[in-house]
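Remarks on the overall topology
The lines below spell out each chain.
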Amino acid sequence: MLGCADVPVRSVLALLCLHAEELTGAQHSPLLIPALRGTSGTKNQRRMPWGRNTGQSRLLGKMAGHTPVRDCSLTAMNVESWADSPDLPTPQQPDRLCLESFWSEVETIRSDSEPDSSRRDSRQSEDGEQEELWLQDAGLSLVTGEEEDVDKAVLLSTLTKTQAAAVQRRIDSYTCSLRKRNKTPARHVRDVFASPIAQSAVPETHNSEPDTHRNMESVTKTQRSAVSGQETQGLKMDEIFITDVAYCEQAAILLKQAKLPQNNSSQCRKDDGALPRVICPQCRLGVTRVLDLSQQDMKKVRQLALIDMTALCDLLGLEVKRHKTSKRKIPESCLFGVPLASLVESDQKIKPNTQIPLFLQTLLSFLEKKGLDSEGILRVPGSQSRIKVLQQKLENSFYSGSFSWDEVSPNDAAALLKKFIRELPAPLLTAEHLNSFSAVRDIADLKQKLHVLNLLVLLLPEPNRNTLKALLEFLSKVVLCERRNRMNLWAVSTIMAPNLFLHKAVPSKLAVDGPEKGQAERAADIMRLLIRYQDLLWTVPNFLLSQVRKLNENSSRRYQFYDKRIKHLLRKIHTDSRDKPDKNSGECRTVKIQLGDVSFSMEFRLTINSRASDLMSQFYKELHTSDNSRGLLKRNGSTTYPDCALYEVGGNIGEHCLDPETHLFDLYNTNPSGEWIIKRRWSSRGQ
């Protein structure tokens with residue numbers, strides 16, 4: 001795969017075969033699991049842990065203001081995943097109190113909803129409208145013209161076989177819907193996607209099935225022996241989360257494996273409610289988080305994520321229909337009931353670059369200071385009369401700075417938090433994707449649940465995604481303080497699930513079917529996964545980043561898509577470029593530094609093991625000893641070093657904030673035309 005130069009790609013197929021053995025009981029030939037010889041392997045290879053138990057002490061250290069000690073064997077994220085408390089038993093199912101609290105929240109939402117609001121605010125799309133909206137969101141709108149056709153061809157040229165099949169199904173469905181309505185478009189929809197341009201670009205660039213299998217064949221014996229060791233010791237098996245191969249392609253291979261004869265069905269793993277640690281083998285190009293990419297590249301990520309999620313849902317048999325919300329009158333208020341995008345836009349005039357509403361930032365900060373130790377936080381209801389008074393005061397005086405939080409109780413603040421989420425004019429998870437989030441509970445396999453959730457998070461609008469992340473970070477801190485507040489993961493999940501998955505703008509069966517235990521557990525289980533694996537879900541999979549790079553490369557050569565006569569030449573060019581050897585190590589790269597008024601450059605010598613963290617260390621050392629640091633001097637004579645990061649700019653990417661563990665030699669070979677620039681890091685929460 002592009003951009004994963006030294007990842008043991010043969011690991012994927014064997015891991016999926018092992019997983020299929022658990023599902024079907026089928027035994028596979030050991031020839032499918034070749035040993036990985038001569039890799040940079042077991043010593044230097046790093047893995048990403050999600051939900052690791054030992055991560056609690058590091059997270060608590062962050063909360064206390066201490067710098068966490070780096071784990072030399074594992075690459076840590078900026079925000080550690082939630083970890084089970086080692087001293088407290090973790091319930092595997094919600095208890096009676098959790099279920100009662102769940103339905104109490106449902107009743108609260110019912111009482112707050114306006115009569116017939118769902119019928120006014122939301123509707124199912126008409127025949128063909130679903131597919132038309134889907135094609136538009138996927139960047140494949142039916143607008144005709146030579147330029148538009150080239151854009152479609154460029155996008156389609158990056159798709160895998162399973163992704164392209166999903167697109168074709170939507171086109172066929174849309175065509176049938178138009179025929180049923182006796183509407184013939186000015187240009188037939190098949191003509192849009194079957195033009196000579198698309199025909200010359202698409203078939204030759206699809207990842208073929210044998211190529212996918214070869215890319216998924218690389219499991220090391222070390223990884224398999226680690227899994228076997230866990231089984232021998234009686235430990236719960238870690239889940240290996242592969243991001244180098246498209247999620248839909250992984251599902252397709254699992255389905256093929258599941259068709260094998262079932263020798264022993266008793267080997268199928270039973271979901272006991274406990275959540276394992278999920279480990280993601282790290283690509284040598286590092287981990288890419290959502291906020292690491294430019295808005296232009298994230299737009300392409302969302303288009304490709306929608307296609308992959310649709311293909312994955314097709315394979316899993318999930319029929320997800322989107323609701324389309326109608327415009328409704330926005331109340332005359334400045335906080336509650338205001339669209340998230342409008343809130344963030346107005347708050348950015350007060351505090352530039354803020355990513356979530358200032359009111360929510362303030363509310364979450366107050367709850368982190370005063371509410372984490374409060375027993376039953378989020379579950380114990382506040383006083384309704386006080387909450388109404390507080391809401392009115394906040395509307396009138398929050399932005400003036402005259403509102404005092406001194407006399408606000410934690411329970412009332414928690415009630416305000418849930419009320420703020422419920423009264424958003426559209427669901428926090430959006431009306432378009434709320435049903436997709438809810439459908440995750442019908443997926444049996446944990447990794448496939450996480451695959452769909454990962455793609456759905458990428459599909460959320462930026463204000464919604466950032467707000468959801470801030471909320472989940474707070475909820476994970478609540479769970480960490482379970483010993484004092486008596487709120488475990490199930491308790492927090494069952495309380496918050498109705499506030500996210502029920503909304504007056506979108507009809508829900510859960511709100512009218514009555515208090516059934518299974519419904520509460522499934523809804524809370526999705527919330528539990530969002531809290532537990534939030535750091536994993538807020539990363540961009542390697543295969544999507546590789547497709548974005550290909551999309552950018554093809555866009556820069558878009559003139560080649562106009563004339564199919566040069567397709568053979570293109571094939572030869574691509575073949576020659578793949579056969580070129582890697583650039584020699586030892587080359588020097590010029591790195592630009594842009595820090596406000598301070599601007600200069602420095603040379604960095606590349607080696608096979610050079611990482612972004614090594615370059616940053618050289619940068620800070622040279623900055624400290626050179627005259628360039630004069631622009632950073634304070635009045636007292638000391639020097640302030642801003643929070644900087646290394647960015648990859650240009651070439652086959654727009655702008656990419658690099659992970660400190662990125663191997664620069666592999667990055668150079670992946671994007672030799674890109675520039676390396678050191679500048680201030682993008683704000684993660686706009687605070």
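Thresholds applied
- Residues numbered from 1 in each chain as written.
- Predicted model: local features only at pLDDT ≥ 70, side-chain atom pairs only at ≥ 80, totals over all residues.
- Heavy atoms only, no water.
- Helix = DSSP H or I, 4+ residues; strand = E, 2+ residues; numbered from the N terminus.
- Buried < 20%, exposed > 50% of the residue type's maximum accessible area, 1.4 Å probe, protein only.
- Areas by Shrake-Rupley, 256 points an atom, 1.4 Å probe, with all protein chains shown as cover.
- Contact = heavy atoms within 4.5 Å.
- Polar contact = N/O pair within 3.5 Å; in protein donor to acceptor, adjacent residues only side chain to side chain.
- Phe/Tyr/Trp six-rings, centres within 6.5 Å; stacked < 30°, edge-to-face > 60°.
- Lys NZ or Arg CZ within 6 Å of the ring centre and 35° of its normal.
- Pairing = 2+ DSSP bridges.
- Axes fitted to C-alpha atoms, helices over the stretch in contact; angles between N-to-C directions.
- Expected span 1.5 Å × (residues − 1).
- Salt bridge = Lys/Arg side-chain N within 4 Å of Asp/Glu carboxyl O.
- pLDDT = per-residue confidence, 0-100.
- Bend = angle between axes of the 7 residues up to and from the residue.
- Core = buried A, V, L, I, M, F, W, Y, C linked by side-chain atoms within 4.5 Å.
- Parallel < 35°, antiparallel > 145°, perpendicular 65-115°, else oblique.
- Left-handed = near helix turned anticlockwise from the far one by under 90°.
- Nonpolar A, V, L, I, M, F, W, Y, C, P; charged D, E, K, R; others polar.

**Points about the overall build of the protein**
From N to C terminus, the protein includes 29 helices and ten strands. Classification of the 687 residues of the protein by burial places 54% in the buried group. Total accessible area on the protein stands at roughly 31,500 Å², and carbon and sulfur atoms take up 49% of it.

**With respect to unusual backbone geometry**
Note: most peptide bonds trans; most residues except glycine with negative phi. One non-glycine residue with positive phi stands out, namely N353, at about 70°. Structurally, the position occupied by N353 is in the loop between α15 (340-350) and α16 (358-370). For N353, a relative accessible area of 55% puts it in the exposed group. The backbone of T430 sits at a positive phi, close to 70°, despite the residue not being glycine. Looking at the element boundaries, T430 is found in the loop between α18 (410-422) and α19 (434-439).

**Focus on the environment of S493**
As for its placement among the helices and strands, S493 is situated in helix α23 (residues 489-501). Along the primary structure S493 and F102 are separated by 391 residues, whereas in three dimensions their C-alpha atoms are 8.9 Å apart. When near neighbours in sequence (up to four residues on either side) are disregarded, S493 contacts A524, M527, R528 and I531. A polar contact is formed between the side chain of S493 and the backbone nitrogen of R528, at a distance of 3.5 Å.

**Overview of the packing of aromatic side chains**
Across all of its chains, the model carries ten aromatic pairs by this definition. With a centroid separation of 5.1 Å and an interplanar angle of 75°, the aromatic rings of F398 and Y399 are classed as edge-to-face. Measuring from ring centre to ring centre gives 5.0 Å for F619 and Y620, while their planes differ by 55°; the resulting arrangement is tilted. Here the aromatic cluster, defined as three or more aromatic residues joined through ring pairs, consists of F336, F359, F398, Y399 and F420. Sitting above the plane of the W538 ring, K469 keeps its charged end 5.9 Å from the centroid. In this arrangement the basic side chain of R589 is found over the ring face of W676, its NZ or CZ atom lying 4.4 Å from the centre.

**Focus on the pairing of strand β8 (residues 644-650)**
Summarising burial for β8: six of the seven residues are buried, a large majority. The sheet contact formed by β8 and strand β10 (residues 675-680) spans six bridges and is antiparallel. From the neighbouring strand, A645 faces β10, where its bridge partner is K679. Two strands pair when backbone bridges link them, and β8 and strand β9 (residues 653-657) are joined in this way by four bridges, in the antiparallel orientation. Each residue of the ladder has a partner; that of V649, found in β9, is E655.

**Details of the environment of Q136**
Inspection of the secondary structure puts Q136 in helix α6 (residues 129-137). For Q136, a relative accessible area of 42% puts it in the partly exposed group. The spacing of Q136 and Q303 is 167 residues in sequence and 9.2 Å in space, taken between C-alpha atoms.

**A word on the sheet that holds β9**
Adjacent strands of a sheet form backbone hydrogen bonds with each other and so pair up, either parallel or antiparallel. Within the open sheet, the five strands sit side by side as β7-β6-β10-β8-β9. Their pairing is mixed. A strand with exactly one partner marks an edge of an open sheet, and here the two such strands are β7 (598-605) and β9. Shown here is a sheet whose adjacent strand axes are inclined to one another by a mean of 25°, direction ignored. Packing against the sheet, helix α26 (residues 542-556) makes contact with β8 and β9, and its axis sits at approximately 145° to β9.

**Quick look at helix α14 (residues 295-316)**
Since the α-helix packs 3.6 residues into each turn, any two residues three or four apart lie on the same face. Counted at 1.5 Å a residue, the expected span for α14 with its 22 residues is 32 Å, and the 31 Å between its end C-alpha atoms agrees. Once α14 finishes, G317 follows within two positions and takes phi at roughly 75°, a positive value.

**Side note on the pattern of salt bridges**
If charged atoms from side chains of opposite charge come close, those side chains can pair. As enumerated under the stated definition, the model contains 20 salt bridges in all. For D525, the salt bridge goes to K449, with nearest N and O atoms at 3.0 Å. Remark: K449 occurs in helix α20 (residues 446-459) and D525 occurs in helix α24 (residues 517-532); sequence separation between them is 76 residues. No difference in accessibility class separates D525 from K449, as the two residues are buried. With its nearest N and O atoms 3.4 Å apart, the salt bridge here joins D643 to R681. Taken together, the positions of D643 in the loop between α28 (612-625) and β8 and R681 in the segment after β10 put the pair 38 residues apart, joining distant regions of the chain. Relative accessible area serves as the criterion here: at 52%, D643 is assigned to the exposed category. One connected set of salt bridges, linked through shared partners, spans R169, R170 and D314.

**Describing the confidence of the model for the protein**
Taken over all residues, the pLDDT of the protein has a mean of 74, while the share at 70 or more is 61%. With pLDDT under 50 throughout, residues 1-14 is counted as low confidence; its partners more than four residues away or in other chains account for 66 contacts. Predicted confidence for residues 260-272 stays below pLDDT 50, and this span has 23 contacts to residues more than four positions away or in other chains.

**Things to note about α23**
The end-to-end C-alpha separation of α23 is 17 Å, in line with the 18 Å expected for 13 residues at 1.5 Å each. Maximum bend of α23: about 30°, positioned at I495, with proline P498 one to four residues after it. Buried residues dominate α23, accounting for 13 of its 13 residues. Taking the backbone nitrogen of W490 as reference, a side-chain oxygen 3.1 Å away marks N488 as the first, capping residue of α23.

**A few points about the nonpolar core**
Residues L378, L475, M496 and L500 are the most contacted members of the largest nonpolar core, which totals 124 residues. Per-element accounting of this core gives the leading share, ten residues, to α14. Those residues in contact with L475 that lie beyond four places of it in its chain are L378, V492, M496, M527 and I531. One finds V598, L606, L658 and L664 within the second-largest nonpolar core, a separate group that totals 23 residues.

**Digging into the side chain of T467**
Mapped onto the elements of the fold, T467 is located in helix α21 (residues 462-480). Those residues within four positions of T467 in sequence are excluded, and the remaining contacts are L340, I356, P357, L360 and L428.

**Side note on the packing of α6 against helix α8 (residues 161-180)**
Following both chains from N to C, one finds α6 and α8 inclined at 140°, their axes separated by 8 Å at the closest point. Comparing their axes, α8 and α6 come out oblique. Note on packing geometry: the crossing formed by α6 with α8 is left-handed. On α8, the residues that touch E131, E132, W134 and L135 of α6 are V167, R170, I171, S173, Y174 and S177. Partitioned by chemical class, the residues of the contact of α6 with α8 number five nonpolar, two polar and three charged.

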